[in-house]
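As a plain string of letters, each chain reads:
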Amino acid sequence: MAKNKKTSGEMSFLDHLEELRWLLVRSTVAILIGGIVAFIFSGFIFDHIIFAPKSGNFITYRFFCDLANKYDLDKSFCVTDIPFDLINRDMEGQINTDIWTSITAGFIGVFPYILYQIWKFISPALYDRERKLAVWFIISTSILFFLGVLFGYYLILPLSINFLANYHLSDLVENNIDIGSYISMVKTTVIACGLVFEMPIIIYFLAKVGLVTASFLRKYRRYAYVLMLIIAAVVTPPDVISQTIVTIPLVILYEASILIAARMNKQKTEEANG
């Protein structure tokens, strides 16, 4: 039957703890391996990826500059350089930054494997038809995560860097940014955006257990949109096109979450009615 769970005996609490322990062990080992690979190529990662948004020639700035010139919009992104210098104030600061950034890169790189481990852990509690969705779950969740990382890196991060670098209290204050602060912003932005893009998947599971409904999401849709517009207004130039470019992906994610929640609510109602 489609609804039958795994026929083997139920796992004890200690068995679950053992499985969770091995999930953490395997995931940690995978992250460390990914981190070692990233550490080997750290020179390229820092020079051509992490520090790239600091250059006025970064693709995002050129895109918005071309957009501004074409439609006669705000020209704040037509810059040749971002006005701040990176400094290191700790003796071990650079090597610590290198190590922890490599570990973060390793986490991003092996994210699909971590998802696979999570799926293996929760799959015994799922129905047969749900376990067949393993490939769909891993692929779709990974794609959403990587899209979020790219969204954060190519849009949110450079827009934020440009805004913060050009914000001045006084001409007497120079921007000499600690490398730890800059790297922290890069890591937080890309990972946070990656997790935000998991919204449809998170809503799927919340709706499945009855914690979220489509009507709830529709009720607070206007507040969600206002929040998205505020975020877009903070990190973009003061023109409608730039703010729209940032807001559209967030709106699509929210609307997709509503559709997913509605489908899950309908499915639960049909199952309850037999």
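Calculation rules
Residues numbered from 1 in each chain as written. Predicted model: local features only at pLDDT ≥ 70, side-chain atom pairs only at ≥ 80, totals over all residues. Heavy atoms only, no water. Helix = DSSP H or I, 4+ residues; strand = E, 2+ residues; numbered from the N terminus. Buried < 20%, exposed > 50% of the residue type's maximum accessible area, 1.4 Å probe, protein only. Contact = heavy atoms within 4.5 Å. Areas by Shrake-Rupley, 256 points an atom, 1.4 Å probe, with all protein chains shown as cover. Axes fitted to C-alpha atoms, helices over the stretch in contact; angles between N-to-C directions. Parallel < 35°, antiparallel > 145°, perpendicular 65-115°, else oblique. Left-handed = near helix turned anticlockwise from the far one by under 90°. Nonpolar A, V, L, I, M, F, W, Y, C, P; charged D, E, K, R; others polar. Patch = residues over 30% accessible without salt bridge, like charges linked within 9 Å, V, L, I, M, F, W, Y side chains within 5 Å. Salt bridge = Lys/Arg side-chain N within 4 Å of Asp/Glu carboxyl O. Expected span 1.5 Å × (residues − 1). Arc of directions from axis to C-beta. Phe/Tyr/Trp six-rings, centres within 6.5 Å; stacked < 30°, edge-to-face > 60°. Lys NZ or Arg CZ within 6 Å of the ring centre and 35° of its normal.

**Q** Give me the lowdown on the overall build of the protein chain, citing residues and values where you can.
**A** Along its length, the protein chain carries 12 helices and two strands. Reading the protein chain from its N end, one meets helices and strands in the order α-α-α-β-α-α-α-α-β-α-α-α-α-α. The buried share among the 274 residues of the protein chain stands at 37%. A sequence separation of at least 24 residues applies to 83% of the contacts in the protein chain between residues at least 6 apart. Carbon and sulfur atoms make up 67% of the accessible area of the protein chain, which amounts to about 16400 Å² in all.

**Q** Talk me through the packing of helix H7 (residues 134-165) against helix H8 (residues 179-196); I want residue IDs and the actual numbers.
**A** In the contact formed by H7 and H8, the axes pass within 7 Å of each other and the chain directions differ by 140°. It follows from the interaxial angle that H7 and H8 lie oblique. Along this stretch, H7 crosses H8, giving a crossing that reads as right-handed. Contact residues: Leu144, Phe145, Gly148, Val149, Phe151, Gly152, Tyr153, Ile156, Leu157, Ser160, Ile161 and Leu164 in H7; Tyr182, Met185, Val186, Thr189, Val190, Ile191, Cys193, Gly194 and Leu195 in H8. The residue inventory of the contact of H7 with H8, partitioned by class, reads 16 nonpolar, five polar and no charged.

**Q** Got a sec to walk through a nonpolar patch on the surface? Specific residues and values, please.
**A** Residues Trp22, Val25, Val29, Ile33, Ile36, Val37, Ile40, Phe41, Phe44 and Ile49 make up a contiguous nonpolar surface patch of about 940 Å² in total accessible area. Put simply, the parts of the chain that give the nonpolar patch at least two residues each are helix H1 (13-40) and helix H2 (42-50). For the nonpolar patch, the element with the most residues is H1, which contributes seven residues. Assignment of secondary structure puts Ile36 in helix H1. Looking at Ile36, the relative accessible area reads 54%, which means it is exposed.

**Q** Can you break down the environment of Ile183 residue by residue, with the values?
**A** Note that Ile183 resides in helix H8. For Ile183, a relative accessible area of 3% translates into the label buried. If near-sequence neighbours (up to four positions away) are discounted, Ile183 is found in contact with Phe46, Ile50, Phe51, Thr97 and Thr101.

**Q** Account for helix H3 (residues 59-71), with residues named and values stated.
**A** Between its terminal C-alpha atoms H3 stretches 18 Å, which fits the 18 Å expected from 13 residues at 1.5 Å a residue. All of the buried residues along H3 are Thr60, Tyr61, Phe64, Cys65, Leu67 and Ala68. Along the axis of H3, the buried residues cluster in a sector spanning 160°; they form a single face. In this structure, H3 carries Asp66 and Lys70 as exposed residues pointing more than 90 degrees from its buried face. Backbone geometry just downstream of H3 places Asp72 in the positive-phi region, at approximately 55°.

**Q** Go over the pattern of salt bridges, please, and point to the residues and values.
**A** Under the criterion given, the structure shown has three salt bridges. Of the charged contacts in the structure, one is a salt bridge between Arg89 and Asp178, with a shortest N-O distance of 3.3 Å. One end of the pair, Arg89, is in the loop between strand E1 (85-87) and helix H4 (93-109); the other, Asp178, is in strand E2 (residues 176-178), with 89 residues separating them in the sequence. Looking at Asp178, the relative accessible area reads 18%, which means it is buried. One salt bridge connects Arg221 with Glu255, and the closest N-O pair in it is separated by 3.0 Å. With Arg221 in helix H11 (residues 221-235) and Glu255 in helix H12 (residues 240-272), this residue pair connects regions lying 34 residues apart in the sequence. In this structure Glu255 comes out as partly exposed when scored by relative accessible area, which is 25%.

**Q** Let's hear about the packing of aromatic side chains: which residues, and what values?
**A** Per the counting criterion, the structure on display carries 21 aromatic pairs. With centroids separated by 5.3 Å and ring planes inclined at 40°, the aromatic side chains of Phe151 and Phe197 adopt a geometry described as tilted. One end of the pair, Phe151, is in helix H7; the other, Phe197, is in the loop between H8 and helix H9 (199-208), and 46 residues separate them in sequence. An aromatic cluster is present here, built from Trp119, Trp136, Phe137, Tyr204 and Phe205 joined pairwise through their rings. Across the ring face of Phe84, the terminal group of Lys54 is positioned such that the distance to the ring centre comes to 5.0 Å.

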